[in-house]
Structures are given as C-alpha cells and as structure tokens.
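One-letter residues, chain by chain:
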Amino acid sequence: MTAAQGFEPRIIGFLCTWCSYAGADQAGGSQKPYPPNLSVVRVMCSGRVDPQFILSAFANGADGVIIMACHPGDCHYKEGNCRALQRYSMLCRVLETFGIEKERIRLEYVSASEGEIFRRIVHETVSSLRGLGPLVLPD
Amino acid sequence: MKIGIYVCTCGSTLSRTIDVPSIAQAALSFPDSPSVTTMDFICSENGRRQFEDHLKQEQPERVVVAACSPRDHETTFRRCMTNAGLNPYLLQMVNIREQIAWVTEDPDAATEKAIVAIRGAVNRVKLQQPLEKMQCEICPDVLVIGAGPAGMKAALALAEAGRTVTVVERLPFIGGLPVRFDELFPACECAPCLLDPLMGDLLHGEFDGTVELLTMAELAEVTGFYGAFNVTIRQRARHVSLHECIGCGACVEACPAATMNEFRNGTVERKAIDFAFAGALPSVPTLMEDTCVRSRGEECQACKDICPMGRDVIDLDQPDSILERHVGAIILATGAGLYDASLVTGMGKGVFSDVYDSCEFERMLSSTGPTDGQIITSRGTTPSSIAIIHCVGSLDPEHKPYCSGICCQYAFIFNHLISDRLPGTAITHFHRELVLPGKEAHSLAQQARHNQNTRFVRYESIHDLAVTATDDGKLAIHASGKLTTGDMVILCPPVIPSSGAGKIASILDIKRDQSGFFRELHGRTDAAQSPVRGIYLAGACQDPMDIRSAMLQGMASAGHVLAALKPGGIIDIEPITAEVDETRCSGCRLCISVCPYRAITFNHSHNASEINAILCRGCGTCVAACPAGAIKGHHFTSDQITAEIKGLLS
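Rules of the game
- Residues numbered from 1 in each chain as written.
- Chains lettered and ligands numbered in written order.
- Predicted model: local features only at pLDDT ≥ 70, side-chain atom pairs only at ≥ 80, totals over all residues.
- Heavy atoms only, no water.
- Helix = DSSP H or I, 4+ residues; strand = E, 2+ residues; numbered from the N terminus.
- Rg over C-alpha atoms; globule rule 2.2 N^0.38 Å.
- Buried < 20%, exposed > 50% of the residue type's maximum accessible area, 1.4 Å probe, protein only.
- Salt bridge = Lys/Arg side-chain N within 4 Å of Asp/Glu carboxyl O.
- Disulfide = S-S within 2.5 Å.
- Polar contact = N/O pair within 3.5 Å; in protein donor to acceptor, adjacent residues only side chain to side chain.
- Contact = heavy atoms within 4.5 Å.
- Phe/Tyr/Trp six-rings, centres within 6.5 Å; stacked < 30°, edge-to-face > 60°.
- Lys NZ or Arg CZ within 6 Å of the ring centre and 35° of its normal.
- Pairing = 2+ DSSP bridges.
- Axes fitted to C-alpha atoms, helices over the stretch in contact; angles between N-to-C directions.
- Parallel < 35°, antiparallel > 145°, perpendicular 65-115°, else oblique.
- Left-handed = near helix turned anticlockwise from the far one by under 90°.
- Nonpolar A, V, L, I, M, F, W, Y, C, P; charged D, E, K, R; others polar.
- Buried area = accessible area lost by both parts, 1.4 Å probe.
- Expected span 1.5 Å × (residues − 1).
- Arc of directions from axis to C-beta.

Peer 1: Explain the overall build of chain A to me, please; I cannot follow it from the model alone.
Peer 2: Within chain A, the regular secondary structure consists of four helices and four strands. Taken from the N to the C terminus, the helices and strands of chain A come in the order β-α-β-α-β-α-β-α. Over its C-alpha atoms chain A spans a radius of gyration of 14 Å, differing by no more than 12% from the 14 Å that the globule rule assigns to 139 residues. Principal-axis analysis of the C-alpha atoms places the extent of chain A at approximately 40 × 35 × 20 Å. Within chain A, the proportion of its 139 residues that are buried is 59%.

Here you go:
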C-alpha cells in the first residue's frame, strides 16, 4: 500500500486512568509538542477495553488504535493489563483475517512517569500510520 | 437535551493556543446545540462560585467542562455540581490543557483537536446516568488471626479505639516466634521482656472484655464480605480452664505420661499435661490428648485429683468447640516460618545432629529452650568452634530467590551471644552478601568484625560449600577447597510464611505470591491491605520482616480498619461499579474468573452471576470479558464509550 499524499491518520487511544493517562498528563506538563492525531478515551483500567470498542473505532474512521496500560505487575486493579494483553493478542489475529494490518493496533505500557515514552509512542504510531495510509475496510 | 459546555481559559494558558470563540462556533453544529460558556480559572474559589451560580441558573441536564486533566479537578467540579443541585455523575471533563494546548504546536490543529474532544464528550455525557453513593450498615468488630507481634499490636490498637476484637491463635501460647527467642537484634533486648507489655495487656489489660483471645483455635470457614463477615472458628480442647487455672503446675508433676516437646526442639520431654515452655502465656497448661494415658484406655485422673483449685478446672472430656463470630474486617497476622534447610543439599541438616537451623539455635540460646540457654553440642560438650552459614537457600533460584533481610542481623546477635557466653569460641561466618539496613544494624556487625575470634569467609554459591563429618566426630565445612572444622554449624535459611497460610488463603479465597506470602493490594502504597476489601495483612505473612516492621504493619492494618469501618457502622459504596443483568447472563462465569477482588459470585437459584457492590472496585474487566454483554460498568458503559468514540471520529 502506498501512503496517500499529506495523509494524517486519525488515532484513538484507550488510556487507563492510573498509569497511562497520568503519563499523558506528564507529557503535557513538560509542554513538548507531539502530533495532534491521537484522541484519548479514558478508561479506569485497560482491562475495560472491550474488543468491540476497537472495532467500533475502526468502523467509524480510525486509522489506528493504541491501548495504553500500566506495566505488567503495576496494574492498579492487579491484573487488568494482563486481560487487556490477552484480548489484544486475540483481536490482532482476528483483524488480520479481515485484512486489517496488525500495525494499526498497538498495546503499549506507559507508566505515570513515562511522559517521554508516551510522546515517543505517539510519534512512532503517527509516522507508521502515515506510511501505511488510510484504513480501507473490507466490503 | 440541555447541555452546558464550560470552557476554562486557565488564565491565558489555554486561550494562547486554543481559539475559544471557534469552539463556541463549532458547538452550534453539535447535536442538541449545547451552550458554550467561557470562564477563567473555574477551579479557583471565585470560579467555582461563578460556575455553581451559572449551573443553578441554567439548570443544564448534562455538563461538559473543557479544562485541565480530570485527574486535577474532576472531584472539584463534581462537588460544584452537587452544590448546584445536579447529580455529579452528569459531568464529563475534557482535558484540553495537558493533552491538547500544552502539546500541540499549531494553534489551528490544537483548536480542531479541542473541538473534536469536546464533541466526543458531548456525545458521551448525553448517555451518562445520575448515580448515587449507596450506604451499607456494617459490623465494626474485628477478627485478628495470629497473636504474634503484628497481631497483638493490631488487636490492642483496635481495642484502645473501643473496638471489639477476637484474636485467634493456633498455638496454646501467644507471642509468636520471638517469644521463644533470647535476645533480639539490633539492641540485644530480651525478647519475652520486649513482648511482655503487649502480652500482659492482651491477657489481663484494661481491654478485658473487648479483646477475646482464643488459643488453640483456627479459622474453619468464612462467608460474607467486607463489613459483614461470618466466621466459623474451630477451637481444640485445652482441657484446662483459662479462667480458673492459676498455673501452679501441680498437675504437671502428677502426670504419668510424657512425650517429646516440640517447643524445646523435640529433644526434651514434656508431660501429657504441661506448659509449652516455662513462661509461656497464658500460664495455663495444655493436655495433649494423644499422649494422655486415657487415650490408651487407661483410667487416670491424677491431674484432676491434685488440682488445688478444684475438680472443675480440668475437664478431661472437654470436646473441641465450634465458635461463630460476626465481624466487619479480618486482619491476617499469621507470621513466619523457616525454610527447611535439609532441602539445601550438602548443608548437613537432618544428617548431623550438631547442624542447627537458626530457629533451633534461638531456642538453644533461650533460657526456656531445650538446654536452658546453654550452648552445648548434642554430646553435651561445650563447642570451641562454631560456623554460621548465611543465605542457606536465600538469593537462590533453586530455593528462594529473595533476601529475607533479617538473617545477617540475627547471625550477629548469635555472634554476640556466643562470644558472651563462651568467650574465646572461634566463630566463622560463611556469607554471600551482608545485608544490614537501617540506622542500628551496623553496631552488632562491627562488634563481630572487631572480635578477634571471628572470621568472615565469603562464598559465591552455596554449591561451593559442603558440611561433612571428620573422623574425630567434628564437623568440617568445605568452602572452595578450604577446610574449616567446627563443633557446631548454624544455618540461616530464608524466612517463609508460616505453615497455616495456605489453608487460610483457601478459606478466604485470597491469593499468595510465588513464595507463599499473602498478596498485598500494592507492594509499596498498600502493603497492609489484601486485594479483597476488608481483609488486611500484618507482619511476616505478607513479606519477610523484623519485629519492628511487623509491629508497624500491625498498627497500619488497625489504622485501615479504623479509617474504613467507622463507628455507627456505615460504609459508603462508590457508584462506579459493575452490575449483572440477570436476564442476559448465560451463566458461563467467565466474569468470576477475571475479577481480581472476589466481588462476583454465582447465584445458583437465579442461575446468574452476582456482583457485590461493596467489593467491586469498578475496573470493568468483567464488563469487557462478558460474552453475553450482560454486565454494565456504571459510568463507563459500552454505550457511553462507543458514543465517545463516534463523537471523536465524526
């Protein structure tokens, strides 16, 4: 697939409130810019991220989705991030069978003190999706 | 639906990057054409008042505040909603500061992103429902399991605060492990003396009547939940009345039957009716049924006949009893044990009688131990050289991967006591790392270093060491090819949870970590709470720890109980919880397996899962797991989140 000229991907990020959302806030505190392509949906725990939310994001025009969770072992709700990982792995396989590239969906661990990592992930995802071009859903 | 959008300019912090009038313009095209009000510093005292007045005047059905992070001020603005007579859960915040204005270079892009985010919030807030905090009556009484340092400290703190406490202790005596020791690190204090004030208060203190002590008792069953646990306790018969016995020991003298005493290293006899050891509290003997000659069918009432307090003090036919208690919280203080050093091959434990583990040596040092405090070999001779081997199974993936943090310190107490009681005895410490944390630990180590009869030999791996016997009956410690002989070897194995922890974990359905310690809610911020609400952790059942830490954690667990289960017996239940729609539940029980808080049970008569709102912490994992879509996560419903996604992408 070739990238569309001047294409700006739309990305939905599901951020757990205790670590990743706090990490995104920390990135804000340092006031270093990153691309505006990510729209954040705050959830209490990454374990709340229903695969249907991701499908819904793609169906409504998202070109990419990121789930951001606490690091393994750090989950505020003990093991919600492990559940998120299990569901993510399953969903990746399902999406591939529908022809949706696995690069369009990411699961990343971002702690409350990792604003810089959050910024890096947004940069990486935007540039990877720019390369990948807009999502074309199968008929 | 009347929706009010409030945009905070946060001084010029936001308006510098985001064009606020464009937001108002864009909002006109949103569904329901919400009104947009711009305010400055809504979080300030003035701002809050203005915001509340505006809400009161306009009475919007739903409210969106576009400002800073909800982590900063969601609670503040929810309070404003309440003050204005609106339900606080009809508010949605949009983080246009930390996640937009401060991180977006191009003002047009920032404005556009803010509009998109507000559109998502408007879509979401329309589906938000008013939620109310529920209240539940609770029982303020507390069950403490374990009467060691942590359990006693917790029980007494609770009693001091006026709570009724039941203390369950598996053994016939209180004081835990250290009551059996002699001197303690770091200050060489006498262990029973240090514990005596607590034991005295527990047994005869001013809280008599509010603290109930059940010795020889164990947890049998627990039902219910935080605030309302029903506890069944099985208490073995002591056969001697705790209240009437004066501890004179006449029955012990008269008793004809004997066995080996486990509390004196199993090397000294005790009578069938006897004290665990001299000075064990409560000072009331215990009749061991299987040692008593009556267990062999013989008729004997020698103890009963001789008791100076009358024939009712000893009840030879006393049955075990089952007791029921109703409590609001449970503190686990089940204490520590010692890893079996005989599992570490080559150390000679269980092979040579003069190889002791540290608990056995503690007993030897104690005046209530098997040798009345004398350091002597199994042959009755005075040792002239003693080896102390640190880290026997610690920091070792084949045994226990962790450092217990206390062994080096008690090893130096051993050094001090051996040198004091047997001056001139050669002592060799075989060690890997030396762990001496805190402001006091170094002094005993320094004392050992300056002791001319003490040697330090560092080893890399326990496989480099071996304990064998010499031809003349001594022990030989081989360390990387070098040989040290000794009359006695003391092994310092890792601290592990006490043997009862597994059973308690299965009764309470709480988790243990890979080393068997009870899992805490959070290792740093909430180490005194278990993940199950209402069950707290104190002492070495949670992590290897010294007496000071155990006592502090006992206080911490008591503090948690006092803060949460308030007098008057009411607890608030947060409304952000999950709820099962019985009619849609297929009964697969996947939700039960993913809930980290044991909040979900299966109701067999309804053939559906049921969520206890008191135990639920609102993570929503079960909601995402339910294949039937039968679980609703209040305030984070699938409809609300999907609406937000659509709003962000439309």
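Right, picking up where we left off after that structure.
Peer 1: What am I meant to see in the pattern of salt bridges here?
Peer 2: Side-chain pairing between opposite charges can occur once the charged atoms of the two side chains come close. A complete count under the given rule lists 30 salt bridges over all chains for this structure. Ionic pairing is found between R421 of chain B and D182 of chain B, a salt bridge with its closest N-O pair at 2.6 Å. With R421 of chain B in helix α11 (residues 407–421) and D182 of chain B in the loop between β7 (165–168) and β8 (183–184), this residue pair connects regions lying 239 residues apart in the sequence. Relative accessible area serves as the criterion here: at 15%, D182 of chain B is assigned to the buried category. Here D372 of chain B makes a salt bridge to R264 of chain B, at a shortest N to O gap of 3.0 Å. Here D372 of chain B, found in the loop between α10 (358–365) and β21 (385–389), pairs with R264 of chain B, found in the loop between β13 (258–260) and β14 (269–271); they are 108 residues apart in sequence, far enough to count as distant. Its relative accessible area of 54% is what places D372 of chain B among the exposed residues. Several salt bridges converge on common partners, so that one network encompasses R106, E108, R120 and E124 of chain A.

Peer 1: Help me understand the state of the cysteines in this model?
Peer 2: Cysteine pairs can be covalently joined through their sulfur atoms, and such a bond is termed a disulfide. Residues and elements named next belong to chain B. Scanning the entire structure with this criterion turns up one disulfide over all chains. Left without a disulfide partner, C136 is nearest to the cysteine sulfur of C139, which lies 11 Å away. C248 provides the cysteine sulfur closest to C251, a residue in no disulfide bond, and the two sulfurs are 6.3 Å apart.

Peer 1: Just to check I follow, could you spell out the side chain of T9 of chain B for this structure?
Peer 2: Residues and elements named next belong to chain B. In this structure, T9 sits in the loop between β1 (3–8) and α1 (20–27). You can call T9 buried: its relative accessible area is 11%. Engagement of the side chain of T9 in a polar contact is seen with the side chain of D40, the distance being 2.8 Å. Not counting chain neighbours up to four residues away, the residues in contact with T9 comprise L14, S15, V20, T38, M39 and D40.

Peer 1: Teacher, can you tell me more about the packing of aromatic side chains here?
Peer 2: Residue and element names in this part refer to chain B. Within this structure, the stated rule accounts for eleven aromatic pairs over all chains. Taking 5.0 Å as the distance between ring centres and 80 degrees as the angle between the ring planes, the aromatic pair formed by F361 and F414 counts as edge-to-face. Within this pair, whereas F361 is found in helix α10, its partner F414 is found in helix α11, the two being separated by 53 residues in sequence. We classify F361 as buried; its relative accessible area is 0%. By relative accessible area, F414 is classed as buried at 0%. The ring of F636 is capped by R124, whose NZ or CZ atom sits 5.1 Å from the centre of that ring. In this arrangement the basic side chain of R449 is found over the ring face of F456, its NZ or CZ atom lying 5.3 Å from the centre.

Peer 1: Would you mind showing me how to read the sheet that holds strand β20 (residues 355–357) of chain B here?
Peer 2: What links the strands of a sheet is backbone hydrogen bonding, and the strands pair in either a parallel or an antiparallel sense. All names here are of chain B. Taken together, five strands build an open sheet; the order of strands is β20-β27-β21-β22-β23 and the sheet is parallel. Because the sheet does not close on itself, it has two edges, and the strands there are β20 and β23 (454–458). Strand-to-strand twist in this sheet, taken as the mean axis angle between neighbours without regard to direction, amounts to 20 degrees. Of the pairings in the sheet, the one linking β20 to strand β27 (residues 488–491) comprises three bridges and is parallel in character. Bridging from a neighbouring strand, V355 pairs with V489 of β27. Along the sheet face, α11 touches β21, β22 (426–431), β23 and β27 and points at about 170 degrees away from the line of β22.

Peer 1: Help me understand the packing of helix α6 (residues 149–160) of chain B against helix α7 (residues 191–204) of chain B, please; the structure alone is not making it clear to me.
Peer 2: Helix-helix packing: each pair is described by the crossing angle between the helix axes and the interaxial distance. Residues and elements named next belong to chain B. Where α6 contacts α7, the two axes come as close as 10 Å, and the packing angle between them is 50 degrees. As judged from the angle between their axes, α6 and α7 are oblique. Crossing angle aside, the handedness with which α6 passes α7 is left-handed. Across the interface between the two elements, P149, M152, K153, A155 and L156 of α6 pack against L195, L198, M199, D201 and L202 of α7. Tallied by class, the residues present in the contact of α6 with α7 amount to eight nonpolar, no polar and two charged.

Peer 1: Help me out: how do you make sense of the interface of chain A and chain B in this one?
Peer 2: Interfaces are often described in size by the accessible area the parts lose on coming together. With 41 residues of chain A at the contact, the number on the chain B side is 43 residues. In this assembly, chain A packs against chain B so that about 3600 Å² is buried in total across both faces, 56% of it on carbon and sulfur atoms. At the junction of chain A with chain B, the criterion picks out three salt bridges. Residue R71 of chain B pairs with D25 of chain A through a salt bridge whose shortest N-O separation is 2.9 Å. Taken together, the connections running from chain A to chain B amount to 16 residue pairs in polar contact (both at pLDDT 80 or more). For the side of chain A that touches chain B, the element with the highest residue contribution is helix α1 (residues 20–29) of chain A, accounting for seven residues. Of the residues belonging to the side of chain A that touches chain B, the class tally is 20 nonpolar, eleven polar and ten charged.

Peer 1: Is there a simple way to explain the sheet that holds strand β11 (residues 217–225) of chain B in this structure?
Peer 2: Residue and element names in this part refer to chain B. Sheet architecture is open: three strands sit in the order β11-β12-β17, paired in antiparallel fashion. Each of the sheet's edge strands pairs with one partner strand only, and the pair in question is β11 and β17 (321–327). Along the sheet, successive strands turn relative to each other by an average axial angle of 20 degrees, direction set aside.

Peer 1: How do you make sense of unusual backbone geometry when you look at a structure like this?
Peer 2: All names here are of chain B. Of note, the amide linkage connecting F185 to P186 takes the cis form, showing an omega dihedral of -5 degrees. Turning to its location among the elements, P186 is positioned in the loop between β8 and β9 (189–190). Following L281, the chain continues to P282 via a peptide bond in cis, the omega torsion being 0 degrees. Turning to its location among the elements, P282 is positioned in the loop between β15 (273–274) and β16 (286–287). One non-glycine residue, F41, adopts positive backbone phi at about 50 degrees. Position of F41 among the secondary structure elements: in the loop between β2 (35–39) and α2 (45–58).

Peer 1: Even after reading the chapter, I still don't get helix α14 (residues 547–564) of chain B, so can you show me in this structure?
Peer 2: Since the α-helix packs 3.6 residues into each turn, any two residues three or four apart lie on the same face. All names here are of chain B. Compared with the 26 Å implied by 1.5 Å per residue over 18 residues, the 26 Å span of α14 between its first and last C-alpha is a close match. Three or more residues of α14 are buried, namely A550, M551, Q553, G554, S557, A558 and V561. Projected down its long axis, α14 carries its buried residues within an arc of 165 degrees, all on one side. Turned more than 90 degrees away from the buried face of α14 sit R548 and L552, all of them exposed. Residues of α14 that are buried sit in contact with β6 (142–145), α6, α7, β18 (329–332) and β29 (535–537).

Peer 1: Just checking my understanding: could you explain the environment of A220 of chain B for this structure?
Peer 2: Residue and element names in this part refer to chain B. Locating A220 in the fold gives a position in strand β11. On the accessibility criterion, A220 (25% relative accessible area) is partly exposed. Spatially, the C-alpha atoms of A220 and R234 are 5.9 Å apart, while their sequence positions differ by 14 residues. Beyond its immediate stretch of four places on either side in the chain, A220 contacts T232, I233, R234 and I507.

Taken by themselves, the reported measurements are silent on function.
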